[in-house]
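For reference, the chains in residue letters:
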Protein chains: 4
Amino acid sequence: MTLAEEYLQIRKYSEQVCEPLQTEDYVVQPVVDVSPPKWHLGHTTWFFETFILKPFSVNYQVYNNDYNFVFNSYYETVGNRVIRTDRGNLSRPSVNEIYQYRAYVDEAMVSFLSTTLNDEVKELLILGFNHEQQHQELLLTDIKYILGNNPLFPVYAKDKKEVLASENESGWIDIPGGIYQIGYEGTGFSFDNELNRHQVYLHDFSISKTLVSNAEFLAFIHAGGYENFNYWHAEGWDWVKSNHIISPMYWHLIDGEWFNYTLGGLLPIAPNAAVSHISYYEAYAYASWKGMRLPTEFEWEVAAKNFNWGERWEWTESAYLPYPGFSKAPGAIGEYNGKFMVNQKVLRGASVATPQNHSRITYRNFFHPHLRWQYTGIRLVK
Amino acid sequence: MTLAEEYLQIRKYSEQVCEPLQTEDYVVQPVVDVSPPKWHLGHTTWFFETFILKPFSVNYQVYNNDYNFVFNSYYETVGNRVIRTDRGNLSRPSVNEIYQYRAYVDEAMVSFLSTTLNDEVKELLILGFNHEQQHQELLLTDIKYILGNNPLFPVYAKDKKEVLASENESGWIDIPGGIYQIGYEGTGFSFDNELNRHQVYLHDFSISKTLVSNAEFLAFIHAGGYENFNYWHAEGWDWVKSNHIISPMYWHLIDGEWFNYTLGGLLPIAPNAAVSHISYYEAYAYASWKGMRLPTEFEWEVAAKNFNWGERWEWTESAYLPYPGFSKAPGAIGEYNGKFMVNQKVLRGASVATPQNHSRITYRNFFHPHLRWQYTGIRLVK
Amino acid sequence: MTLAEEYLQIRKYSEQVCEPLQTEDYVVQPVVDVSPPKWHLGHTTWFFETFILKPFSVNYQVYNNDYNFVFNSYYETVGNRVIRTDRGNLSRPSVNEIYQYRAYVDEAMVSFLSTTLNDEVKELLILGFNHEQQHQELLLTDIKYILGNNPLFPVYAKDKKEVLASENESGWIDIPGGIYQIGYEGTGFSFDNELNRHQVYLHDFSISKTLVSNAEFLAFIHAGGYENFNYWHAEGWDWVKSNHIISPMYWHLIDGEWFNYTLGGLLPIAPNAAVSHISYYEAYAYASWKGMRLPTEFEWEVAAKNFNWGERWEWTESAYLPYPGFSKAPGAIGEYNGKFMVNQKVLRGASVATPQNHSRITYRNFFHPHLRWQYTGIRLVK
Amino acid sequence: MTLAEEYLQIRKYSEQVCEPLQTEDYVVQPVVDVSPPKWHLGHTTWFFETFILKPFSVNYQVYNNDYNFVFNSYYETVGNRVIRTDRGNLSRPSVNEIYQYRAYVDEAMVSFLSTTLNDEVKELLILGFNHEQQHQELLLTDIKYILGNNPLFPVYAKDKKEVLASENESGWIDIPGGIYQIGYEGTGFSFDNELNRHQVYLHDFSISKTLVSNAEFLAFIHAGGYENFNYWHAEGWDWVKSNHIISPMYWHLIDGEWFNYTLGGLLPIAPNAAVSHISYYEAYAYASWKGMRLPTEFEWEVAAKNFNWGERWEWTESAYLPYPGFSKAPGAIGEYNGKFMVNQKVLRGASVATPQNHSRITYRNFFHPHLRWQYTGIRLVK
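What you see is a predicted model; the values in this text were computed from it and never measured.

## Some points on the sheet that holds strand S6 (residues 257–262) of chain C
In sheet architecture, strand pairing relies on hydrogen bonds along the backbone and comes in two forms, parallel and antiparallel.
All names here are of chain C.
Argument step 1. Spatially, three strands are ordered S5-S6-S7 in an open sheet, and the strand pairing comes out antiparallel. Every other strand in the sheet has two partners, leaving strand S5 (251–254) and strand S7 (265–268) as the edge strands with one partner each. The average angle at which neighbouring strand axes cross in this sheet is 35°, direction not considered.
Argument step 2. Two strands pair when backbone bridges link them, and S5 and S6 are joined in this way by four bridges, in the antiparallel orientation. The partner of Leu 253 across the bridge, within S6, is Trp 258.

What follows is the structure in structure tokens.
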């Protein structure tokens, strides 16, 4: 596959994710962490325009100078960004205009990709691919949030899978203590936060082969898990009380039975499916109630070759911190990861929202501990 | 004109106001006081369905029971309402679905209006007409807000007038003190807040024939009006400081020249046009700076036959309070006005956003003193 | 009595109000509207120093220049004020230092008052007396708040009266419609907001001779008054819901019986005493439930010679607005009243916290509609 | 020294810290993280009463049952606590009453300590000593905040040292990579968060022998460090912008010269003293500007025997997380540390506010990254 073909395939997938949407669904931003789908489509396009076409493609004409203002994200070096909470206030550019913007940039990109590319460009291109794939994951979970918080519970796609077919074998894996290598190694792509590969000392631990299921989590609810502060961090407990949390996100108790909103609509809870849409606080409290704990990201990385993963992003006990020797790239690209390395938790694995070829055993995702709109899950360690 | 014809004409006008919109413009709610256009279209339809078709039209089938939840406004007696700040989070029902809802209710209404109507129904119908006209006014000003707060400054309609053609004669009108009759009298429609007609004693006053112009207001700005607390109420001054107010809403200082956003796009300030989009605090401060004051709503009502009005809603010094003998209707209709009679200021007149036949000399509009998104204006008294 | 004697008598009374306090009680500010007692003692002193001694007393030495910063209130013209919410953060100046400041200024004042005073000074002096008396009222109600919101419910003074001995005769007074004179007239002191005396047209009304009692208000509670939105303004209802209001302030339901905190400690509700510590919203809702209304301030002023008053500040339906011809004095003194004339309600009468000689039939007090820490009450009109 | 003697010595030191205070200084709570000194005095007393006297001392009479409500901290298992933000609203119990409470409990404790104590009691006693010492540190820094945020800048004690006499030798220490033992080992007291002792793999690093000085930090300010987002975490940058941070806490630029508030009053910045009262965000930004980084807590623990420490709490790059095998004690005591292990940063060392005998190389302090009122400092690693 040529780079142009790969480019087009990735770009097309973003649009496929949006295919079931009504125009209106592209526009709203119900909470600060959820971006409007049309913003994702514009922002990923702006990334290629700003970091590849503008600096490297001779005679490239910027599509619309105002778009830099509208579609910039957190890249402080590239000018004023639209404050994140304002994204949902912008009815323009319209969805059609954004698709036209995509077409314009795609045409310019394909033409540019047919020229001889230097290594710097190639690197930026691969980063752009991965950047768009990250947004594809957010796109789907943001769409779920937009539809799942609408009182009409609209269906995204009747047959959209939120669990993987693969059956997990239950039981525990014992990992002996010792020095292990952690971090990305190889010639493929990795984010800067997966580097450098380095040594970590681990103590003996046993890790579950399976994720916690809905049925198991329901037992926690029935045992009063949400009413007993003993299982919770102090700030987790405040979060439970302030937000009146009594179940995972998207769960609804209707006439005594638990339902949850899925991309296929409002359905009864599937007992054997992995529990999802829980915060780190809930993952921790569940583990605490079981007398166990969550894995560190290092334990997870060492053990992961021994179990199936990729259905849920798995909360770890690790804070999101730089690896030894981490250094960020100069300029705007350097803002990618390093500046978020405080007050967030690492998640490992991948989820049903992750695009193909966008997961690996060293991948580090990260979110604030209260967030639940990703397909998050729980794996226990003892 | 039959009632059915009148009904259809009013209903059609709401849709005409929305004609220049993109689908996306119907959806967003940039601030709590501005509702998404699609909500206005649905809510006014829900009003006819809930208060006329459901109780009076035999065999009427409710279009969609969930819509009561989505399109209810402040009517506590008719079930849970969508909290106002949430309206902008709802991508569904879609714009198309809402137009279908309108068509369905319109058909049922036209059919129902061909039957014999009793007086109660007729009264509710006229209330429904006036209710929809009130929303038409909000619809246009909400649209202006949505477009005017977009960094792309989209044009609503190139030739949309925001000032009236009629030339006002300048000068002052002297009104002698004495007892005057205030409030609606006649056989046409009025809101309950215009009743009962009653006597008020006024002292001598002189009132300006014209509204304050942009050029005059600019003189206030140049004189440091926004920096001198002496002209302001204490809470007006807090509002200026907290919100960094330095000019009317929609004004932008670009390279030393003042522009303002209009429905025709971003244009240089028209010096002779009446200043607009100012809060009560600003109206008061301006009057204070001039050594004058705003009229009371009673002074305005007595004097209004002597000057042109209808271009700007005019802030008065009067608080929004019940007239002597005011009583509210039983049931949901009674929630219309009375429950807002605290902490708001009366505005008199009408504005360029007011539909035809929806203004009269006794009409009482009311807003909180900090609000600016209506076509508000200033008329002085000395 | 000489001016100096009058000065000392008023000054002494402020300190008498504080006599039962512990040092710690002088310091705290539990909510923004309640000032620390030591701040009242300092601020009233600063008033005499700033507006009389500094401009008029030759060779007067300012006690401490920093105190202008600490004890200034809302007087924007006299320099930066300590933001009201910060008052409770200041442990210094200490209570002792403030008493020393009072002694210093009192000595300077007494000496100055023995000289020949011009009319301007005399006017400012009388204003200073009235200013201190206003703060004496606040001082007592602020102290009640500080003690009454302490979980230990400390007693201020065992025998401190919160109701007046005078028995009110029940029944209604009928006042015929017509033109009445409103506002202060005479040669004594009045605040600028009581001027000018002017004509108001009133319609026929009947006003109760007595205030609503605790027993009557309890009937409102038992009838579900706090749970039925029909009796409330929209924003009153929001206030009830957001703040979980179920009774007047200081009421506590203990083992099924209602108690209230009084300056004499926590006591069972006295059924025949006038209900107090209710917001305007509650006063309005109570009247609404009774099918009656509150008087306007003009009705109150006209009728008041026919009933006993002075025990509770009585909420009126009137917004706090300038009288015809109102103009504020130039300079800092002019900031006294005019700048608060928006979004507040007028209260008439006086309360058990009002110092002797500080009440008259034309006196206009004013507070925001949600406030309850004053001795507020309800008188009905039908 | 007997346990009773040790008890009395520690108890006495808390009161010595408060000796320079006025009564008023004991009462206020300017921000949520700073507790009123009188609360510290009561809470530490309540600790001994609740966890030792009540369960173990036969016939002990609780001093005042209401005090459990007032002086409880975060111990959810021991009943309702006074919400932290409310502590500064409570004028009672008075300072005298709290000293009486201390005397009462001290007498009961001394009597109880003369009896035969079992191991459980001894352990709780030692915990109580260390708990009181932790509060002594907070007591001094809270007092500094209370006085240092008063516009009068009161002096705590003219000669109170905020820097240590010991001169640090400059230069760098090289530590070779390898497996190191981390955590407390021995028979003395340690907090549960210092356990278990375990192995950690460290890579080669060099650590500074000295803390960053005021002069060095001033160079960061002059180089525009507070205006360049590149040096900051994203949320650190938001913190700088929202709070208008331009220097360490307590620094004031007066007529072009930098002063800082110290316990001895407002003084010119001492260039050679270690910079203090900086947030983690500022520590990180400074390191980033130097092209270096902060140590992890493990690096610090390994290297600390090679440099002087104890003057400033030193921010580390480590998040506050449980050590391998960490388990919390059952009951209220178990709430001590574990429940805070999310979203906080570890600080190592000790500060000039730390009581004697209350520091050790394995001690883990922790605060949220934006907090600055402790004597925090910066040590660099490269």
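Back to the write-up after that little detour.
## Section: the interface of chain A and chain D
Argument step 1. Contacts between the two partners involve 38 residues from chain A, matched on the other side by 38 residues from chain D.
Argument step 2. Both faces combined, the contact of chain A with chain D buries some 2800 Å², and carbon together with sulfur accounts for 57% of it.
Argument step 3. Among the residues of chain A in contact with chain D, Tyr 201, Val 342 and Asn 343 of chain A are the three that bury the most area, contributing 19% of the side total.
Argument step 4. There are ten residue pairs in polar contact (both at pLDDT 80 or more) connecting chain A and chain D.
Argument step 5. Those elements that place two or more of their residues in the side of chain A that touches chain D are strand S3 (198–202), helix H7 (234–243), helix H8 (280–289) and strand S8 (313–319) of chain A.
Argument step 6. Residue composition of the side of chain A that touches chain D, by class: 18 nonpolar, eleven polar and nine charged.

## A look at the relation of the copies chain A and chain D
Argument step 1. Overlaying chain A with chain D gives an RMSD of 0.0 Å, the required rotation being 180° about an axis along which the chain moves by 0.0 Å. This pairing of chains is accounted for by a two-fold axis.
Argument step 2. A shared binding surface is used by both copies, with 100% of the interface residues of chain A retained as interface residues in chain D.

## Comments concerning the pairing of strand S7 (residues 265–268) of chain D
All names here are of chain D.
Argument step 1. Note that strand S6 (residues 257–262) and S7 share four bridges and pair antiparallel. Residue pairing across strands places Thr 262 opposite Gly 265, the latter belonging to S7.
Argument step 2. As consecutive antiparallel partners, S6 and S7 are separated by two residues.

## Here's the deal with the interface of chain B and chain C
Argument step 1. Tallying the contact residues gives 38 residues for chain B and 38 residues for chain C.
Argument step 2. For the pair chain B and chain C, the two sides together bury roughly 2800 Å², of which 57% comes from carbon and sulfur.
Argument step 3. Together, Tyr 201, Val 342 and Asn 343 of chain B form the three largest contributors to the area buried by chain B at its contact with chain C, with a combined 19%.
Argument step 4. Inspection of the region where chain B meets chain C yields zero salt bridges.
Argument step 5. Scanning the region where chain B abuts chain C turns up ten residue pairs in polar contact (both at pLDDT 80 or more).
Argument step 6. Secondary structure elements with two or more residues in the side of chain B that touches chain C: strand S3 (198–202), helix H7 (234–242), helix H8 (280–289) and strand S8 (313–319) of chain B.
Argument step 7. Taken together, the residues of the side of chain B that touches chain C break down into 18 nonpolar, eleven polar and nine charged.

## With respect to the pattern of salt bridges
Argument step 1. This model, assessed by the stated rule, comprises 64 salt bridges over all chains.
Argument step 2. Between Glu 297 of chain B and Arg 348 of chain B there is a salt bridge, and its shortest N-O distance comes to 2.8 Å. Of the two residues, Glu 297 of chain B is situated in helix H9 (residues 297–303) and Arg 348 of chain B in strand S9 (residues 345–349); the sequence distance between them amounts to 51 residues. Arg 348 of chain B carries the same exposure label as Glu 297 of chain B, and that label is buried.
Argument step 3. Salt-bridge contacts for Glu 162 of chain D lead to Lys 144 of chain D; the nearest nitrogen and oxygen are separated by 3.2 Å. Taken together, the residues Glu 162 of chain D in the loop between helix H5 (119–148) and strand S1 (172–175) and Lys 144 of chain D in helix H5 connect sequence positions 18 residues apart.
Argument step 4. Of the residues examined, Glu 162 of chain D reaches a relative accessible area of 12% and is grouped as buried.
Argument step 5. For Lys 144 of chain D, a relative accessible area of 1% translates into the label buried.

## Quick notes on the confidence of the model for chain A
Caution applies to low-pLDDT parts of the model: their predicted coordinates are not meant to be read in detail.
Argument step 1. Residues of chain A with pLDDT of at least 70 account for 95%, and the chain-wide mean is 94.
Argument step 2. Reported confidences for the modelled complex are a pTM of 0.95 and an ipTM of 0.95.

## Looking at helix H2 (residues 37–56) of chain C
Argument step 1. Helix length check: H2 of chain C (20 residues) gives 28 Å between terminal C-alpha atoms against 28 Å at 1.5 Å per residue, within 8%.
Argument step 2. By the largest-angle criterion, Glu 49 of chain C marks the main kink of H2 of chain C, which is about 35°.

## Section: the UniProt feature "domain: Sulfatase-modifying factor enzyme-like" (unreviewed entry) in chain A
Argument step 1. The residues that UniProt annotates with the feature "domain: Sulfatase-modifying factor enzyme-like" (unreviewed entry) are residues 170–305 of chain A.
Argument step 2. Here residues 170–305 of chain A is 26% helix and 24% strand, with 15 Å between the C-alpha atoms at its ends.

## Quick look at the nonpolar core
Here is a general trend for soluble globular proteins: nonpolar side chains tend to be buried in one another's company.
Argument step 1. In terms of nonpolar packing, the biggest core is built from 182 residues, with Trp 232 and Ile 378 of chain C together with Trp 232 and Ile 378 of chain D touching the most fellow members.
Argument step 2. Beyond its immediate sequence surroundings of up to four residues, Trp 232 of chain D is in contact with Lys 339 of chain A together with Phe 220, Gly 225, Tyr 226, Trp 237, Trp 239, Val 240, Tyr 281, Glu 282, Tyr 284 and Ala 285 of chain D.
Argument step 3. Within the second largest apolar cluster, 181 residues are counted, among which are Ala 108 and Tyr 375 of chain A together with Ile 143 and Tyr 363 of chain B.

## Concerning the arrangement of the chains
Argument step 1. Between chain A and chain C there is no contact, and the shortest C-alpha to C-alpha distance separating them is 14 Å.
Argument step 2. Spatially, chain B and chain D are disjoint, and the shortest separation between their C-alpha atoms is 13 Å.

## Considering unusual backbone geometry
Argument step 1. Residue Asn 196 of chain B follows Leu 195 of chain B across a cis peptide bond; omega there is 0°.
Argument step 2. Locating Asn 196 of chain B in the fold gives a position in the loop between strand S2 (178–182) and S3.
Argument step 3. In this structure, Pro 93 of chain D follows Arg 92 of chain D across a cis peptide bond, with omega equal to -5°.
Argument step 4. Here Asp 255 of chain A, not a glycine, exhibits a phi torsion of approximately 50°, which is positive.
Argument step 5. The topology assignment puts Asp 255 of chain A in the loop between strand S5 (251–254) and strand S6 (257–262).
Argument step 6. Residue class for Asp 255 of chain A comes out exposed when judged on its relative accessible area of 80%.
Argument step 7. The phi dihedral of Asn 357 of chain A falls on the positive side, at around 70°, and the residue is not glycine.
Argument step 8. In this fold, Asn 357 of chain A is placed in the loop between strand S9 (345–349) and strand S10 (365–367).

## Quick word on the relation of the copies chain B and chain C
Argument step 1. When chain B is fitted to chain C, the best match, at an RMSD of 0.0 Å, comes from turning it 180° and sliding it 0.0 Å along the axis.
Argument step 2. Mapped onto chain C, 100% of the interface residues of chain B again fall at the interface, so both copies present the same surface.

## Some remarks on the pairing of S3 of chain B
Residue and element names in this part refer to chain B.
Argument step 1. Of all five residues that make up S3, four are buried, and the element is covered over most of its length.
Argument step 2. When S2 meets S3, the two strands line up antiparallel, connected through five bridges. Pairing of Gln 181 across the sheet is with Gln 199, part of S3.

## So, the packing of aromatic side chains
To describe a pair of aromatic rings, one takes the distance between the centres and the angle between the planes.
Argument step 1. This structure, assessed with the given rule, holds 164 aromatic pairs over all chains.
Argument step 2. With centroids separated by 6.2 Å and ring planes inclined at 65°, the aromatic side chains of Phe 217 of chain B and Tyr 226 of chain B adopt a geometry described as edge-to-face.
Argument step 3. Residue Phe 217 of chain B is classed as buried on the basis of its relative accessible area, which comes to 0%.
Argument step 4. Judged by its relative accessible area of 2%, Tyr 226 of chain B is buried.
Argument step 5. An angle of 65° between the planes, with centres 6.3 Å apart, marks the rings of Phe 229 of chain C and Trp 237 of chain C as edge-to-face. Accessibility classification places Phe 229 of chain C together with Trp 237 of chain C in one group, the buried group.
Argument step 6. Grouping aromatic residues by their ring pairs yields a cluster made of Phe 217, Phe 220, Tyr 226, Tyr 231, Trp 232, Tyr 286 and Trp 289 of chain A.
Argument step 7. The residue whose ring lies beneath Arg 87 of chain C is Trp 39 of chain C, and the NZ or CZ to ring-centre distance is 3.5 Å.
Argument step 8. Its end group placed over the ring of Trp 172 of chain D, Lys 382 of chain D keeps NZ or CZ at 4.2 Å from the ring centre.

Thresholds, definitions, all that
- Residues numbered from 1 in each chain as written.
- Chains lettered and ligands numbered in written order.
- Predicted model: local features only at pLDDT ≥ 70, side-chain atom pairs only at ≥ 80, totals over all residues.
- Heavy atoms only, no water.
- Pairing = 2+ DSSP bridges.
- Helix = DSSP H or I, 4+ residues; strand = E, 2+ residues; numbered from the N terminus.
- Axes fitted to C-alpha atoms, helices over the stretch in contact; angles between N-to-C directions.
- Contact = heavy atoms within 4.5 Å.
- Buried area = accessible area lost by both parts, 1.4 Å probe.
- Polar contact = N/O pair within 3.5 Å; in protein donor to acceptor, adjacent residues only side chain to side chain.
- Nonpolar A, V, L, I, M, F, W, Y, C, P; charged D, E, K, R; others polar.
- Least-squares fit on C-alpha atoms with pLDDT ≥ 70 in both.
- Salt bridge = Lys/Arg side-chain N within 4 Å of Asp/Glu carboxyl O.
- Buried < 20%, exposed > 50% of the residue type's maximum accessible area, 1.4 Å probe, protein only.
- pLDDT = per-residue confidence, 0-100.
- Expected span 1.5 Å × (residues − 1).
- Bend = angle between axes of the 7 residues up to and from the residue.
- UniProt positions renumbered as here; feature names shortened; annotations may be inferred.
- Core = buried A, V, L, I, M, F, W, Y, C linked by side-chain atoms within 4.5 Å.
- Phe/Tyr/Trp six-rings, centres within 6.5 Å; stacked < 30°, edge-to-face > 60°.
- Lys NZ or Arg CZ within 6 Å of the ring centre and 35° of its normal.

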